[in-house]
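Commentary on secondary and tertiary structure
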Amino acid sequence: AEDAPPSDAYDHDEARRYHLAIYTADEAAFETAFRRAEAAGIVWVNERFEGAPPEFASPKTWAEAGVCQQFRVKDLIDPRTKELGIVLEHEIRSPSHRCCPFSQASGATAPQVASPE
């Protein structure tokens, strides 16, 4: 659409700094997601959360992500073309993250989604 913001609006417009939290189905999927993001070079540190409590931190390494139970990515890259698709902060979280709405305490279960191979 002509009135759509540019794909990198997150970086340039404070009012467009939305983000999403995504919960993986299990711990193995969480580690796989981190390893893939790390290999793609898209693990991102949001400076606003450096020094924050672990559940809101921005880990840089797998050891830190394992403790925080989350990590962040911002630049969504097309894996085939390596082109920037959109800039949108994502917090990828383990089902063990304390904010998970599908925790055992709530009795809810996370929806299952097929992973791309």
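Refer to the structure printed above.
Residues numbered from 1 in each chain as written. Predicted model: local features only at pLDDT ≥ 70, side-chain atom pairs only at ≥ 80, totals over all residues. Heavy atoms only, no water.

**Focus: unusual backbone geometry**
Heads up, the condition is: Where helices and strands are cited, they refer to DSSP runs of H or I of at least four residues and of E of at least two residues respectively, numbered from the N terminus.
One non-glycine residue, Q69, lies in positive phi territory at about 65°. Summarising the element assignment, Q69 is placed in the loop between helix 3 (62–68) and strand 2 (70–77).

**Quick notes on the sheet that holds strand 2**
As a reminder, the rule being used: Being paired, for any two strands, means DSSP has found at least two bridges between them. Throughout, an axis means a line fitted to C-alpha atoms (over the contacting stretch in the case of helices), and angles, computed between N-to-C directions, take values from 0 to 180 degrees.
One open sheet holds the 3 strands; their spatial order is 1-3-2, and the pairing between them is mixed. Here the strands that pair on one side only, and so sit at the sheet edges, are strand 1 (19–23) and strand 2. This sheet shows a mean twist of 30° between the axes of neighbouring strands, independent of strand direction. Pairing of strand 2 with strand 3 (residues 84–93) involves 7 bridges; the strand directions are antiparallel. Counterpart to D75 in the pairing with strand 3 is V87.

**Description of the pattern of salt bridges**
Opposite charge on two side chains permits pairing when their charged atoms draw close. To keep it simple, the criterion reads: Salt bridges, as used here, are contacts in which a Lys or Arg side-chain nitrogen is within 4 Å of a carboxyl oxygen on Asp or Glu. Using a 1.4 Å probe on the protein chains alone, a residue whose accessible area is under 20% of its type maximum counts as buried, one over 50% counts as exposed, and one in between counts as partly exposed.
Scanning all chains against the criterion turns up 8 salt bridges. For K60, the salt bridge identified is with E50, shortest N-O distance 3.7 Å. Note that K60 is positioned in the loop between helix 2 (27–40) and helix 3 and E50 in the loop between helix 2 and helix 3, a separation of 10 residues in sequence. For D75, the salt bridge goes to K74, with nearest N and O atoms at 3.6 Å. Note on D75: relative accessible area 29%, which makes it partly exposed. Among the charged side chains, a salt-bridge network with shared partners connects R72, E89, E91 and R93.

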